[in-house]
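# Geometric and topological summary
For reference, the chains in residue letters:
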Amino acid sequence: MITALRGMKDILPPQNQKFEYFLKHTSKIVKKYGFEFIETPLLEETALFKRSVGESSDIVGKEMYQFLDKGGNDVCLRPEGTAGVVRAFVEKKLDRIGGINRFFYYGPMFRYERPQKGRFRQFHQFGVESFGIQSHFEDANIILMTKEILDFFGINYTLKLNSLGCPTCMTPYRKTLIDFLDSVHNTLCEDCHRRKETNPIRVFDCKNEHCQTALKPAPRLNQHLCQSCDTHFSALRDILDDQKIAYELDPNLVRGLDYYNQTAFEFISGDLGAQNAVAGGGRYDKLVSFLNGKETPAIGFAIGIERLMEMIEVPQTSREGYYFGALCPQAIDTVFKVATKQRQSDKVTLSYEKKSLKAHLKAADRSNARYCAVIGEDELANQTIWIKDLEEKTEYTAPLD
Ligand code: HAM
């Protein structure tokens, strides 16, 4: 038997209901904030992710589904959505037009990670990207919107917040950090030695206990922010305080992707296992110009749909529409015609088989129909139809026309 690949899942009933429920309400919320739907390809040039997500990240270094296509092009399945949206933004010259552009998207992402609870090789994200605003108000807006989505679904979460600075503060900080890392070199793991060479702040992401202990006294970027990053970060925190949004400052929150600057945030939930990040995002003001566009400030986030689905309940929907069935073979033709007509205005489930009344009532109940309508020999002779209202528990016979 051929089975789905490791780390890849089908979404079948009843999970499909959660998926649709999530998409419906999340799309509605982000549209209120002015975001429009965008779709980009699943397959992109590998160079796009190397340049944006960054060669030093685990995603590019270890986890990409990368291959040569039949034309010899180096391509890969997208590991995340931001890079493709930025590529499309630059390719369609929206950076030249200027103004504000806000997009949302959802779909599968691919990372060749070790599968475990909440971590898949194909998973789905719902993401948003906002272009053209440098103001800390947009950072607050994006965080408020993420919070509104998680609150709608009744998720328990903690908001973690950090500032990753900008090249002005990062360049001297990087040197200070490297000096510190040299002083504890022998206690750090091999991965952290590599991180020190490629992107030293990644060491704060290390899960190795020895490294975590050694890094406790390390200099932190939030104490070395330049004036402008410091002002931006405290202005954002003022808004969050004013809006009574609780958050934890987390200097270890460096995010696994290279394109961020200034604001970085993650919503984590104690109701998940080890993979507790439900949503993550931040500002990436340099990425558009890095991908050859005109410098454009930007910020966004993505929610992991599978992780969110773990924690949501779909409210029981009320009964809707009709179920039609025949009690004798001769009635099937008439039932088909009546059902087809009724479907012009209502949701209709139709059985093509002759069954007993009890069996039809059971099937109607299972399909969550409001009405169960059947035709048997008597109804056929009198040109009537028998209907039971499954909510009111009433029944009656009506003329067929
Ligand atoms: P990310 O933190 O890599 O950010 O992913 C966002 C979310 O996707 C995570 O918080 C998590 O819920 C989910 N996720 C990530 N990897 C997996 C996995 N292997 N299995 C299941 N769920 C997973 C980004 O991807 C950025 N593009 C977000 C962003 C948008 N930043 C700015 N704009």
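Because the structure is predicted, anything quoted here is derived from the model rather than measured. (Residues numbered from 1 in each chain as written. Predicted model: local features only at pLDDT ≥ 70, side-chain atom pairs only at ≥ 80, totals over all residues. Heavy atoms only, no water.)

Take the domain arrangement of the chain next. Segmenting the chain into domains produces domain 1 (15-166 + 226-309) and domain 2 (322-399). Between domain 1 and domain 2, the C-alpha centre-to-centre distance is 49 Å. (Domains from an automatic or database assignment.)

Moving on, we get to the nonpolar core. Membership of the largest hydrophobic core comes to 93 residues, with the highest contact counts inside it found for Phe22, Val128, Phe131, Met145, Leu215 and Leu308. Once you skip the residues sitting within four places of it in the chain, Leu215 turns out to touch Phe180, Leu181, Leu188, Val203, Phe204 and Arg220. Core analysis: the next-biggest nonpolar cluster, separate from the first, contains 16 residues, Phe324, Ala326, Ala339 and Ala398 among them. (Core = buried A, V, L, I, M, F, W, Y, C linked by side-chain atoms within 4.5 Å. Buried < 20%, exposed > 50% of the residue type's maximum accessible area, 1.4 Å probe, protein only. Contact = heavy atoms within 4.5 Å.)

This part takes up the sheet that holds strand S8 (residues 248-249). Pairing is mixed across the open sheet formed by eight strands, whose spatial order is S1-S5-S6-S11-S10-S9-S7-S8. Edge positions in the sheet fall to strand S1 (36-37) and S8, since each of these pairs with one other strand and no more. Of the pairings in the sheet, the one linking strand S9 (residues 261-268) to strand S10 (residues 277-283) comprises six bridges and is antiparallel in character. Counterpart to Glu266 in the pairing with S10 is Gly280. Against the sheet, helix H1 (residues 15-32) engages strand S5 (101-110), strand S6 (122-131) and strand S11 (298-304), with an angle of about 5 degrees to S6. (Pairing = 2+ DSSP bridges. Helix = DSSP H or I, 4+ residues; strand = E, 2+ residues; numbered from the N terminus. Axes fitted to C-alpha atoms, helices over the stretch in contact; angles between N-to-C directions.)

Lining the immediate surroundings of the ligand are 26 residues, of which Glu80, Glu113, Glu129, Tyr260 and Ala277 lie closest. At a separation of 2.8 Å, a nitrogen atom of the ligand approaches a polar side-chain atom of Thr82. Summarising the interface, the protein chains cover 96% of the accessible area of the ligand, which totals 660 Å² for the free molecule. (Near = heavy atom within 4 Å. Polar contact = N/O pair within 3.5 Å; in protein donor to acceptor, adjacent residues only side chain to side chain. Areas by Shrake-Rupley, 256 points an atom, 1.4 Å probe, with all protein chains shown as cover.)

This part takes up the sheet that holds strand S4 (residues 74-77). Spatially, three strands are ordered S2-S4-S3 in an open sheet, and the strand pairing comes out antiparallel. Strands at the two margins of the open sheet, each flanked by one partner only, are strand S2 (43-45) and strand S3 (65-68). On average, each strand axis in the sheet is tilted by 35 degrees relative to the strand beside it, whichever way the strands run. Sheet analysis places S3 next to S4, joined by four bridges and oriented antiparallel.

In the structure shown here, the tally under the stated rule is 25 salt bridges. We note a salt bridge from Arg283 to Asp139, for which the minimum N-O separation is 2.7 Å. Of the two residues, Arg283 is situated in strand S10 and Asp139 in helix H6 (residues 136-152); the sequence distance between them amounts to 144 residues. Asp139 sits in the buried class, given a relative accessible area of 0%. The closest approach of N and O atoms between Asp182 and Lys196, which form a salt bridge, is 2.6 Å. Residue Asp182 is located in helix H7 (residues 167-183), and its partner Lys196 is located in helix H8 (residues 190-198); the two are separated by 14 residues in the primary sequence. Residue classification places Lys196 among the buried residues on the basis of a relative accessible area of 12%. (Salt bridge = Lys/Arg side-chain N within 4 Å of Asp/Glu carboxyl O.)

Below, the discussion takes up empty space enclosed by the protein. Counted under the stated rule, the structure contains two cavities of 30 Å³ or more. The volume enclosed by the largest cavity comes to roughly 70 Å³. Residue lining of the largest cavity: Asn162, Ser163, Leu164, Tyr173, Ile201, Phe204, Arg220, Leu221, Asn222, Pro251 and Val254, and that is the complete set. Here the lining of the largest cavity is composed, by residue class, of seven nonpolar, three polar and one charged. There is about 30 Å³ of room inside the second largest cavity. (1 Å grid on protein atoms, 1.4 Å probe; cavity = no way out; pocket = protein on both sides within 12 Å on 5 of 7 lines; lining within 4 Å. Points joined across faces, edges and corners; volume = space filled by probe spheres on them. Nonpolar A, V, L, I, M, F, W, Y, C, P; charged D, E, K, R; others polar.)

In this section: the pairing of strand S15 (residues 384-389). In terms of burial, S15 is a largely internal element, six of the six residues being buried. Side chains of S15 alternate between two faces, with Thr384, Trp386 and Lys388 and Ile385, Ile387 and Asp389 buried alike. As defined by bridge partners, strand S14 (residues 371-375) adjoins S15 across four bridges and the pair is classed as antiparallel. When the sheet's bridge partners are listed, Ala373 is paired in S15 with Ile387. Here S15 pairs with strand S16 (residues 394-399) via six bridges, running antiparallel. Opposite Thr384, over in S16, you have Pro399 as the bridge partner. Connecting S15 to the next strand, S16, in antiparallel fashion are four residues, including Lys393 with a positive phi near 60 degrees.

Before going further, it helps to spend a moment on the environment of Lys388. Structurally, Lys388 is set in strand S15. You can call Lys388 buried: its relative accessible area is 19%. In sequence terms Lys388 and Tyr371 are 17 residues apart; their C-alpha atoms lie 5.5 Å from each other. Every residue in contact with Lys388, bar those within four places of it in the chain, is listed here: Leu361, Arg370, Tyr371, Cys372, Lys393, Thr394 and Glu395.

In terms of burial, S5 is largely enclosed, as nine of its ten residues are buried. Two strands pair when backbone bridges link them, and S1 and S5 are joined in this way by two bridges, in the parallel orientation. Across the sheet, the residue bridging to Phe37 is Phe104, located in S5. Examined bridge by bridge, S5 and S6 share ten bridges and lie antiparallel to one another. The residue bridging Phe103 from the neighbouring strand is Glu129, located in S6.

What follows concerns the side chain of Asp250. Secondary-structure assignment places Asp250 in the loop between S8 and S9. Of the polar contacts made by the side chain of Asp250, one reaches the backbone nitrogen of Asn252; its length is 2.8 Å. Among all residues touching Asp250, those that are not within four sequence positions of it are Lys160, Leu161 and Asn162.

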